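Residue strings, one per chain:
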Amino acid sequence: MKKVMKTVNVALELSRSAALANELWNYEHENSIVNPNDSEYKSWRNSLPVLLELLSQAGFGENDILFEYPSIATGGRIDAVLVGKNHQGIDTLVTIELKQWSFVGDPTSYQVKDVTEVAIPLSMTMSPGNPDSFDIRRHPLQQVRLYQKDLSRNNSAVKSASAIAIKPLVFLHNCEDVSLLLSGKYQAWQTQSTLGKSIFGKNDVADLIAYLTSDLTTVPNHDFAQKFAEAQYMLQLSDLQGLRSVLAGQENALMVQDQEAVDHFVQKKLRALKNAQIKRKQMIVVSGQPGTGKTIVGLHFLYDYAKIFNTGLQNLDEVLENNKNVFDNKTVKAAFVLPRSRTVHEVIDQTVGLSVPYLGWKLPRDNDLLIIDEAHRIQDLKKDLDLAFSRADIVIILQDDKQRILPNERGTVRNFYQYAQQHGIEFSHQELKIQKRSGLQGNLVAALDTLFYDNKPLRLDTPLEVEVHATPQSLERMIKNDAYHNENHRNKLIAPFDWVWNKRDSDISIQSAEGLFQKPWNPVMGLQAAWYDAKGKDSIDLGSIDKVGCIYTTQGLEFDNVGFIWGPDFRWNKLQQKWVIDVNSIQDNGLKNNIQKSSQEEAELIMKNIYRILLTRATKRLGIYFMDDDTREHVQQYLGI
């Protein structure tokens, strides 16, 4: 993990000039030109010297401190983390949140819905009747609360420690009276939580020092500081089983940095809609590669809507550990829909308990908000969008240009933009880029994009968790051995459509060095949710692990370990040094007919998209069996596997 780590005294000396702020700018912005007017840069110049001077005076000058430490659950970074040991000798992290706020807005006047949010004035002349004069931010005590949960759940150094203490600290060095954040609407932080003791203002320096020294010794802990600096995040994947908790507003379906930014953007649009500030229809396209969590974010938009429009949660326990499904409220005028993707529909319906309509089928008539997932699969774009905008004021579109798997699918960013322009609809484009898979180290998607689309030399930051198998039987052993030992792992064999779906146990038949390998395709509709959800030894006992997934039944879904059979329909031509399509190997008539009717360029793009999707279904380990030796040699050499 990239880091900016110093001892407190060294950092203090650097902070007295612009040196520390400049180093943090380079860390955040990759050596671009420093913008001294940037709000974050000003914060480093103004807040860090005050904090570091205080810590040095308290005796922590030789302790290590890390700045802008990533926090995947909060949509940003922890301002500073002080590392040491407590009086029991336990490794201790002090997570420090710095604010330059001098005061906060009255929560009632500024439509603050719960205790986890604060209205921050954007000017000293704000008035209750002017909603543009403030911004809704996360309460700083909620931030340090999430830091503790995030580090405990997901940080490799914290999770592997035999014992560890995480101590929260909020310092508002410009604020005369921090009781504003602990009283009135916010009194729950004081009465129902110990976190109220960890927030300090301009006049509380002595109390802050006493708070730190009561637990923390002044003895440095360099070994653990280095381990913490080099830690990796290991996300527990928020897959479809976690979506029920998303809809209930719980925090175990965490969103990472850019997801949080997109979520905040949508929240602002929803608040504007509620305040009747939006004068025309809105289209928000959210693009993201496989693994960036589009579905997680999309379903969270439903919770945002319900919270902003329909709920008045006041109690801290309700807000922080809420078990009530907000969609019990029949007045919620928002819907999550799919254009196609029948397997995803079935899985969400049965696993999450949320009935998802299709565009044009059971679509509610009167909506404020409509969210279209898997929108790259839209075929009749005008018809579907005409319907969507006749039913809703804000339409959010979740898509990925490179996940179109049929030439007649039209859901590209360019096509959505053109529709918006032609119909006078305000258009916004947001992107999700951070991979949630493989502990945020998974660069497989980027590697495949280079392999298929860019034709450029590959540069890998980390090794790919990909292995090549000599036979399909070896793939089967890999996923079954793992399933025997990991009861929560959802493992699958998947393949391109190079075999006819005859609903027989011998649909897929391959002669390999180990003999004849035969498997059926996965079940038909109605049984696919159970097939998807089968895990561990149960998936072996039930036979679901023996049923091979195809492009139509795996797109939009994820698995722990995948054994992929690379078929003969899409191969590397060693002589011509290019990818070629063998149309005769494609056994799906719809795909085959579409490929034959398409231009060579479009056909190649679709095949690359299909293989990119199939190769990115695994979250932990991917094994590949190649039916063509030249393709295996090229991919192995290119990806270094």
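The structure presented is a predicted model; accordingly, all values stated were derived computationally and were not measured.

1. Description of the overall build of the protein
Phase 1: Within the protein one finds 23 helices and 21 strands.
Phase 2: Buried residues in the protein amount to 58% of all 641 residues.
Phase 3: Look at the contacts in the protein between residues 6 or more apart in sequence, and 74% of them connect residues 24 or more apart.
Phase 4: Accessible surface for the protein amounts to roughly 26,500 Å². Of this, 46% is attributable to carbon and sulfur atoms.

2. Details of the sheet that holds strand β10 (residues 334-337)
Phase 1: Pairing is parallel across the open sheet formed by five strands, whose spatial order is β10-β11-β12-β9-β13. Only two strands of the sheet have a single partner each, and these edge strands are β10 and β13 (426-432). Going across the sheet, the axis of each strand differs from the next one's by a mean of 15 degrees, ignoring polarity.
Phase 2: Note that strand β11 (residues 369-372) and strand β12 (residues 394-399) share four bridges and pair parallel. Bridged to I372 within β12 is I397.
Phase 3: The sheet strands contacting helix α11 (residues 294-309) are β9 (282-288), β10, β11, β12 and β13, and the helix crosses β10 at an angle near 165 degrees.

3. Considerations on the sheet that holds strand β18 (residues 559-566)
Strand pairing in a sheet relies on backbone hydrogen bonds, with the paired strands running either antiparallel or parallel.
Phase 1: Read across the sheet, four strands follow the order β14-β21-β18-β15 without closing on themselves; strand pairing throughout is parallel. A single partner strand is all that each edge strand has here, and the edge strands are β14 (466-469) and β15 (491-494). The average angle at which neighbouring strand axes cross in this sheet is 20 degrees, direction not considered.
Phase 2: By the bridge criterion, four bridges tie β15 to β18 in an arrangement that is parallel. In the sheet register, N491 faces β18, and the bridge partner there is N561.
Phase 3: Helix α17 (residues 472-485) contacts β14, β15, β18 and β21 (618-626) of the sheet and is inclined by roughly 175 degrees relative to β18.

4. Observations concerning the environment of S509
Phase 1: Within the secondary structure layout, S509 lies in strand β16 (residues 508-512).
Phase 2: A relative accessible area of 33% places S509 in the partly exposed class.
Phase 3: Along the primary structure S509 and K519 are separated by ten residues, whereas in three dimensions their C-alpha atoms are 6.7 Å apart.
Phase 4: When neighbours within four sequence positions are excluded, S509 is seen to be in contact with W499, L516, F517 and Q518.
Phase 5: Only 3.4 Å separates the side chain of S509 from the side chain of Q518, close enough to count as a polar contact.

5. As for the packing of helix α14 (residues 381-391) against helix α15 (residues 413-422)
Phase 1: Running from N to C, α14 and α15 cross one another at 55 degrees; their axes reach a closest spacing of 11 Å. If you check the angle between α14 and α15, you find them oblique. The handedness of the crossing between α14 and α15 comes out as right-handed. Contact residues: L381, K382, L385, D386 and F389 in α14; N415, F416 and Y419 in α15.
Phase 2: Taken together, the residues of the contact of α14 with α15 sort by class into five nonpolar, one polar and two charged.

6. Some thoughts on the environment of V8
Phase 1: In this fold, V8 is placed in helix α1 (residues 8-15).
Phase 2: Through-space distance from the C-alpha of V8 to that of G61 is 4.7 Å; in sequence the pair is 53 residues apart.
Phase 3: If sequence neighbours within four positions are ignored, V8 has contacts with L52, L55, S56, F60, G61, N63, I65 and L82.

7. Focus on the nonpolar core
Phase 1: By size, the foremost hydrophobic cluster in this structure holds 56 residues, and its most contacted members are F452, F564, W566, I610, Y611, L615 and L622.
Phase 2: Take this core: its biggest share by element is seven residues, from helix α22 (residues 600-614).
Phase 3: Discounting chain neighbours no more than four positions away, the residues touching F452 are W566, F570, W579, K608, Y611, R612 and L615.
Phase 4: Residues I136, V158, V178 and F228 belong to the second largest nonpolar core, which totals 38 residues.

8. Remarks on helix α3 (residues 39-57)
Phase 1: Under the 1.5 Å per step criterion, the end-to-end length of α3 is 27 Å for 19 residues, consistent within 8% with the ideal 27 Å.
Phase 2: Taken as a whole, α3 carries its principal kink of about 30 degrees at S47; the proline P49 stands between one and four residues after it.
Phase 3: Along α3, the positions that sit buried rather than exposed are Y41, W44, S47, L48, L51, L52, L54 and L55.

9. Focus on the side chain of N155
Phase 1: Residue position: N155 is located in the loop between α4 (140-154) and α5 (156-160).
Phase 2: For N155, the side chain forms a polar contact with the main-chain nitrogen of A157, separated by 3.0 Å.

10. A few points about unusual backbone geometry
Phase 1: Backbone geometry places E68, a non-glycine residue, at a positive phi of 55 degrees.
Phase 2: Note on E68: relative accessible area 5%, which makes it buried.
Phase 3: The phi dihedral of K503 falls on the positive side, at around 60 degrees, and the residue is not glycine.
Phase 4: Structurally, K503 is set in the loop between β15 and β16.
Phase 5: With a relative accessible area of 66%, K503 lands in the exposed category.

11. Points about the confidence of the model for the protein
Keep in mind that low pLDDT regions are not for reading the predicted coordinates in detail.
Phase 1: Looking at the protein, pLDDT values average 82 and 82% of them are 70 or higher.
Phase 2: For residues 249-253, every residue scores under 50 in pLDDT, and the model assigns this stretch 17 contacts once sequence neighbours within four places are set aside.
Phase 3: Scored below 50 in pLDDT, residues 437-442 makes 21 contacts in the model with residues more than four places away or belonging to other chains.

12. Quick notes on the pattern of salt bridges
Side chains that carry opposite charge are capable of pairing whenever their charged atoms lie near each other.
Phase 1: Counted under the stated rule, the structure contains 29 salt bridges.
Phase 2: Ionic pairing is found between D582 and R571, a salt bridge with its closest N-O pair at 3.4 Å. Of this pair, D582 sits in the loop between β20 (578-581) and α21 (589-597) while R571 is found in strand β19 (residues 570-573), placing the two residues eleven residues apart along the sequence.
Phase 3: Given the relative accessible area of 22%, D582 is considered partly exposed.
Phase 4: With relative accessibility at 25%, the residue R571 sits in the partly exposed group.
Phase 5: One continuous salt-bridge network, built from bridges that share partners, spans D400, K402, D449 and R612.

13. Notes on the packing of α1 against helix α2 (residues 19-29)
Phase 1: In contact at an axis separation of 6 Å, α1 and α2 are set at 100 degrees when each is read in the N-to-C sense. Classed by the angle they form, the pair α1 and α2 counts as roughly perpendicular. Mapping the contact onto sequence places A11, L14 and S15 in α1 and A19, L20 and E23 in α2.
Phase 2: A breakdown of the residues in the contact of α1 with α2 according to their chemical character gives four nonpolar, one polar and one charged.

14. A short note on the packing of aromatic side chains
Phase 1: All chains considered together, the criterion is met by 24 aromatic pairs.
Phase 2: Taken together, a centroid distance of 6.1 Å and an interplanar angle of 80 degrees make the contact between W25 and Y41 edge-to-face. One end of the pair, W25, is in helix α2; the other, Y41, is in helix α3, and 16 residues separate them in sequence. The same class applies to W25 as to Y41, namely buried.
Phase 3: Here the aromatic rings of W531 and F559 are separated by 6.1 Å at their centres, their planes lie at 65 degrees, and the arrangement is edge-to-face. With a gap of 28 residues between them, W531 in helix α18 (residues 528-533) and F559 in strand β18 connect regions that are remote in the sequence.
Phase 4: The exposure class of W531 is buried, given its relative accessible area of 2%.
Phase 5: Using a relative accessible area of 1% as the deciding quantity, one classes F559 as buried.
Phase 6: Ring-pair connections join several aromatic residues into one group, and the members of that group are F452, Y453, F564, W566, F570, W572, W579, Y611 and F626.

Analysis parameters
Residues numbered from 1 in each chain as written. Predicted model: local features only at pLDDT ≥ 70, side-chain atom pairs only at ≥ 80, totals over all residues. Heavy atoms only, no water. Helix = DSSP H or I, 4+ residues; strand = E, 2+ residues; numbered from the N terminus. Buried < 20%, exposed > 50% of the residue type's maximum accessible area, 1.4 Å probe, protein only. Contact = heavy atoms within 4.5 Å. Areas by Shrake-Rupley, 256 points an atom, 1.4 Å probe, with all protein chains shown as cover. Pairing = 2+ DSSP bridges. Axes fitted to C-alpha atoms, helices over the stretch in contact; angles between N-to-C directions. Polar contact = N/O pair within 3.5 Å; in protein donor to acceptor, adjacent residues only side chain to side chain. Parallel < 35°, antiparallel > 145°, perpendicular 65-115°, else oblique. Left-handed = near helix turned anticlockwise from the far one by under 90°. Nonpolar A, V, L, I, M, F, W, Y, C, P; charged D, E, K, R; others polar. Core = buried A, V, L, I, M, F, W, Y, C linked by side-chain atoms within 4.5 Å. Expected span 1.5 Å × (residues − 1). Bend = angle between axes of the 7 residues up to and from the residue. pLDDT = per-residue confidence, 0-100. Salt bridge = Lys/Arg side-chain N within 4 Å of Asp/Glu carboxyl O. Phe/Tyr/Trp six-rings, centres within 6.5 Å; stacked < 30°, edge-to-face > 60°.

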